[in-house]
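# Inside the fold
Below, each chain spelled out in residue letters.
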Amino acid sequence: MTKKLRQGTLCVQAGYKAKNGEPIELPIIQSTTFKYDDSDEMAKLFDLEKEGYFYTRLQNPTNDAVAAKICALEGGVGAVLTSSGQAANFYAVFNICEAGDHIVTSNEIYGGTFNLFGVTLKKLGIECTFVSPEASEEEIQAAFRPNTKALFGETISNPGCAVLDIEKFARIAHKNGVPLIVDNTFATPVNCRPFEWGADIVTHSTTKYMDGLATQVGGCVVDSGNFDWMAHAEKFPGLCTPDESYHGLTYVKAFGKMGYTTKLVAQLMRDLGSIPAPQNSFLLNMGLQTLHLRMAQHCKNAQKVAEFLNANDKVAWVHYCGLPTDANYERGQKYLPNGSCGVIAFGLKGDRETAIKWMDSLEMINIVTHVADARTCVLHPASHTHRQLSDEQLRVAGVAPDLIRLSVGIEDVEDILDDIKQALEKI
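Our focus in this paragraph is helix α11 (residues 259-272). Look at α11: 19 Å from first C-alpha to last across 14 residues, which is about the 20 Å you get at 1.5 Å a residue. The sharpest bend along α11 measures roughly 25° and falls at Val265. With respect to burial, α11 is a largely interior element, eleven of its 14 residues being buried. The set of residues buried in α11 consists of Gly259, Tyr260, Thr261, Thr262, Lys263, Leu264, Val265, Ala266, Gln267, Leu268 and Met269. Packing partners of the buried residues in α11 comprise β1 (78-82), α4 (85-94), β6 (201-205), β7 (219-223), α9 (237-240) and α10 (251-255). A positive phi of about 70° marks Gly273, the residue just after α11.

Structure (structure tokens):
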């Protein structure tokens, strides 16, 4: 079949196709290693002269099939699964950075990523400058240095729900000869494909909507194949000069558009090993098969909940790009015309204790660290995920101290609203 398949079909069919007499469902290849008949075959695999499987830390058929499905959904050329979304963001950056390098990133990103870039990467000698995604192109440009290697942002920020101006960020990145890396976790490729707007690399926490049922922790890095690494070879020696650990092989020259993902597997996975278990990839694939259906219901429910909260006297503010009054509405219509996600950020009139009392009064909605689940979940970042940050640091990270992150699930929306209402009556 040469016809280009649509997203809903790719969710179900991409990545694995059963042959005659084979299982219709993707098998779990729960094996650490793979047998070969002679030493020469194995040697060719280790020299990257032949494709195949020899050790699951590098490649596994179950993992690769699911990566191929996500790659197809994003419209990329190659993808690699990781053991978590945090690992995906680390690998995406570390694959092109080393000690002495620098990155620029939106400050409206997940708290764990904010700490990864601002604290942990610094220990490895990689500096990070945070910028407001709403800053002018000139202001963002001022953050770049000669040793800057990437620009990073989130399609929909976690937890602030701001929509990234992908085209603006791509324009700035390419002007400086670096790739734009976009975390597309909240939107998923069902609602936004950042490559179509100029992004070069996409990351995901597959733990979230892609799984949808809180069954596995995972991540994914997808390469568009569009960034011309050799045009900026002096910036990216890891990709454009010989790797002595692989007999002087130069990744971009040897593998072309697959150079970035090949290096990520052959070098970083080889040495750091942040792989998912094949059974986790199997569970992820089960979630992906209904992603297009669930995202539509998440968005439908979240729109009704956002409209209710926006009209309620006890609510101080609401951030959801589906609301015409939202500052990100026009951007949402541009980048997310079919809906954004089920996550709403809002604040109640009062203080931190008001938010905590409201959450403690909920009966059906779950107070959990998780987000983007089939079940409706709620979290107060200042008290939970971002509690290591001061109020000033919270604001720098784009997180208001009173922000409540409500992840609207796929239950009957009237039951979700009833629980929100009864809890509001108690504050």
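The discussion continues.
Pairing within the open sheet is mixed, and its seven strands lie in the order β1-β7-β6-β5-β4-β2-β3. Two strands lie at the open edges of the sheet, namely β1 and β3 (127-131), each paired on one side alone. This sheet shows a mean twist of 20° between the axes of neighbouring strands, independent of strand direction. With four bridges connecting them, strand β2 (residues 102-106) and strand β4 (residues 148-154) associate as parallel partners. Bridge pairing in β4 places Thr105 opposite Phe152. Those strands touched by α4 are β1, β2, β4, β5 (180-183), β6 and β7, and its axis lies near 160° from that of β6. Sitting on the sheet, helix α5 (residues 111-123) is in contact with β2, β3 and β4, with an inclination near 150° to β3.

Calculation criteria
- Residues numbered from 1 in each chain as written.
- Predicted model: local features only at pLDDT ≥ 70, side-chain atom pairs only at ≥ 80, totals over all residues.
- Heavy atoms only, no water.
- Helix = DSSP H or I, 4+ residues; strand = E, 2+ residues; numbered from the N terminus.
- Expected span 1.5 Å × (residues − 1).
- Bend = angle between axes of the 7 residues up to and from the residue.
- Buried < 20%, exposed > 50% of the residue type's maximum accessible area, 1.4 Å probe, protein only.
- Contact = heavy atoms within 4.5 Å.
- Pairing = 2+ DSSP bridges.
- Axes fitted to C-alpha atoms, helices over the stretch in contact; angles between N-to-C directions.

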